[in-house]
Amino acid sequence: MPLHDSPSPHETADLPPAANDIAERPQVAAGHTLRLTMIGLGMSVVPLDSAVNIGFPDITRSFGLPIPMIQWVVICYVLTYAALMLAFGRIGDIGGHARVFRAGLAWSTVAFLLCAAAPAFGWLLFFRFLQGVGAGLVISCAPALVTGLYPEERRSHAVGVFTLIFALGSALGPLIGGALVARFGWPAVFWFRAPIALVSLLCLRGLPAGGTRQGERFDVAGAALLALGLTAMLLGINAASRLGPGAQMTALLALAVAALTAFAWWEGRAPRPMIRIDLFRKAGFAAINAVYVLMNLAAFSVMLFVPYFFARFSTMPLPLAGLVLATGAVATALTSPLAGRLITRIAAERIGAVGLLAVGSGLFLVGWWPADITPPMMALTLALHGVGVGLFQVAYTDIVIRSSPVADRGVAGSLSVLTRTLGTVTGAALLTLIFNRAGHAGTDTAVGFLLAFGAVFKLAGAVVALSVVVVLWSMSTPRPGRG
């Protein structure tokens, strides 16, 4: 049913403190809980895309593809939503976060069905591009919608809830996808999300729009420059991983630098900028964003290489292997609400520093896995890594959101997702390069694989742990004002 049974946070904002508190409590207990459930259900269709990875072998078999071609299923999707997320976040700030979110759910419902019905690989790639548009619409405004359901003093709790939902979707994707592919084939990893998006869409019909800048002009030039810069950068990184350094990589990265430089210049002068560039002139704010990209870059090593470790050295049945691999995401999900509560008592930067130490330690320990390691020991080290990811994700998102005006929450939430995406995509290229260079005995042999595997994880763990210094230093720098 439509969720219009209680006033929005904006409708209670003008009440006296006592009346506001009285109004807020039943909201959170009833209407907010239902709204949060439906928003969480809708936004889950994005992290549930992890189910698609399980369908890769079946997709390549069905279309008669060489294995390297499957990367374009990822590229078409990730490139699209990464390039559009900040623009959609700003549109949400102007015209309403709920409008953008619902538009994304409707678009995604159609895109899922089109992907499932793709008659040829080329059509699948085009439909994945359409799915990326829908994902950008949904996830750009999801953080703003979740945090908007809570009073400002409970912002960190809301951030923890958002991270919990995202992590649960990421963890459930491979488990659901594996069962569906075994029964129905690869189209199921797409169509099973269509009813999820549709139910959320129908139940959120009465959700207040949530925009705070109606009538403001959209920064078209800034959006175009950012989309061009991010697309060129991600394609350049992909070219480096596929082809190695060369003319294609150089041209794409040069275009990315030029477009992003022009974007920064324009945003500093535009009367209605898409994002406040002055935030990044604060060394601490810029540093925490850089560390988050680095953490996600390093953390992606788990999803990239651990499945190959299982294939070479483990005799676990596939469902158990999937469960062990999901341990980190489950730990992240369980840790996120706790991190949200801790941030109300302890500085977010300190929570983030503890999280980085846990991520670094977990990755470093994975680097020491022997060929005969037991599944419980694998799960323990991956869980330590996952706990750290949960702590740092919540701390980082809280820092970004608190540093932005309430009117810019759509862009702030989009930034927190975009930096994660940039780290993941960059990690896919750089980690593969390190892996290939580290296996001196040749990664086709067990010894060579273990050499490369250990080198990647030890290096990733050490770099993440050392970045704690940057996060603690950021506490001593001036914080961006909310404006």
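Preceding block: the structure.
Residues numbered from 1 in each chain as written. Predicted model: local features only at pLDDT ≥ 70, side-chain atom pairs only at ≥ 80, totals over all residues. Heavy atoms only, no water.

## Examining the overall build of the protein
Looking only at helices and strands, the protein has 20 helices and zero strands in total. Looking at the 483 residues of the protein, the share that counts as buried comes to 56%. Considering only intrachain contacts with a sequence separation of at least 6, the fraction spanning at least 24 residues in the protein is 82%. Total accessible area computed for the protein in this model is approximately 19600 Å², and 71% of it derives from carbon and sulfur atoms. (Helix = DSSP H or I, 4+ residues; strand = E, 2+ residues; numbered from the N terminus. Buried < 20%, exposed > 50% of the residue type's maximum accessible area, 1.4 Å probe, protein only. Contact = heavy atoms within 4.5 Å. Areas by Shrake-Rupley, 256 points an atom, 1.4 Å probe, with all protein chains shown as cover.)

## With respect to the nonpolar core
F310, W369 and F453 are the most contacted members of the largest nonpolar core, which has 128 residues in total. The element contributing the most residues to this core is helix α13 (residues 283-313), with 14 residues. When residues no more than four places from it in sequence are discounted, the contact partners of F310 are M316, A321, V324, L325, W369 and M378. Membership of the second largest hydrophobic core comes to five residues, among which are F88, V100, V133 and C141. (Core = buried A, V, L, I, M, F, W, Y, C linked by side-chain atoms within 4.5 Å.)

## Quick word on the environment of P307
On the secondary structure map, P307 appears in helix α13. Given a relative accessible area of 30%, P307 falls into the partly exposed group. Once residues lying within four places of it in the same chain are set aside, the contact partners of P307 are V302 and L325.

## Here's the deal with a nonpolar patch on the surface
Among the surface-exposed residues, L168, L172, L175, I176, L320 and L323 lie close enough to one another that they form a single nonpolar patch of about 460 Å² accessible area. At the level of secondary structure, the elements contributing two or more residues to the nonpolar patch comprise α8 (155-184) and α14 (318-325). Positionally, L320 belongs in helix α14. (Patch = residues over 30% accessible without salt bridge, like charges linked within 9 Å, V, L, I, M, F, W, Y side chains within 5 Å. Salt bridge = Lys/Arg side-chain N within 4 Å of Asp/Glu carboxyl O.)

## So, helix α5 (residues 71-95)
Spanning 25 residues, α5 covers 35 Å between terminal C-alpha atoms, matching the ideal 36 Å at 1.5 Å per step. Of all the bends found along α5, the most pronounced is centred on M85 and spans about 45 degrees. Downstream of α5 by a residue or two, G96 has a phi angle that is positive, lying close to 125 degrees. (Expected span 1.5 Å × (residues − 1). Bend = angle between axes of the 7 residues up to and from the residue.)

## Overview of the side chain of S140
Looking at the secondary structure, you find S140 in helix α7 (residues 121-148). At 2.8 Å, the side chain of S140 and the backbone oxygen of G136 are in polar contact. A polar side-chain atom of S140 sits 3.2 Å from the main-chain carbonyl oxygen of L137. (Polar contact = N/O pair within 3.5 Å; in protein donor to acceptor, adjacent residues only side chain to side chain.)

## Considering the packing of α5 against α7
Put simply, α5 and α7 touch, their axes get as near as 7 Å, and they point 30 degrees apart. Of the possible angle classes, the one that applies to α5 and α7 is roughly parallel. The way α5 lies across α7 gives a crossing that is right-handed. Considered class by class, the residues forming the contact of α5 with α7 number 18 nonpolar, seven polar and one charged. (Axes fitted to C-alpha atoms, helices over the stretch in contact; angles between N-to-C directions. Parallel < 35°, antiparallel > 145°, perpendicular 65-115°, else oblique. Left-handed = near helix turned anticlockwise from the far one by under 90°. Nonpolar A, V, L, I, M, F, W, Y, C, P; charged D, E, K, R; others polar.)

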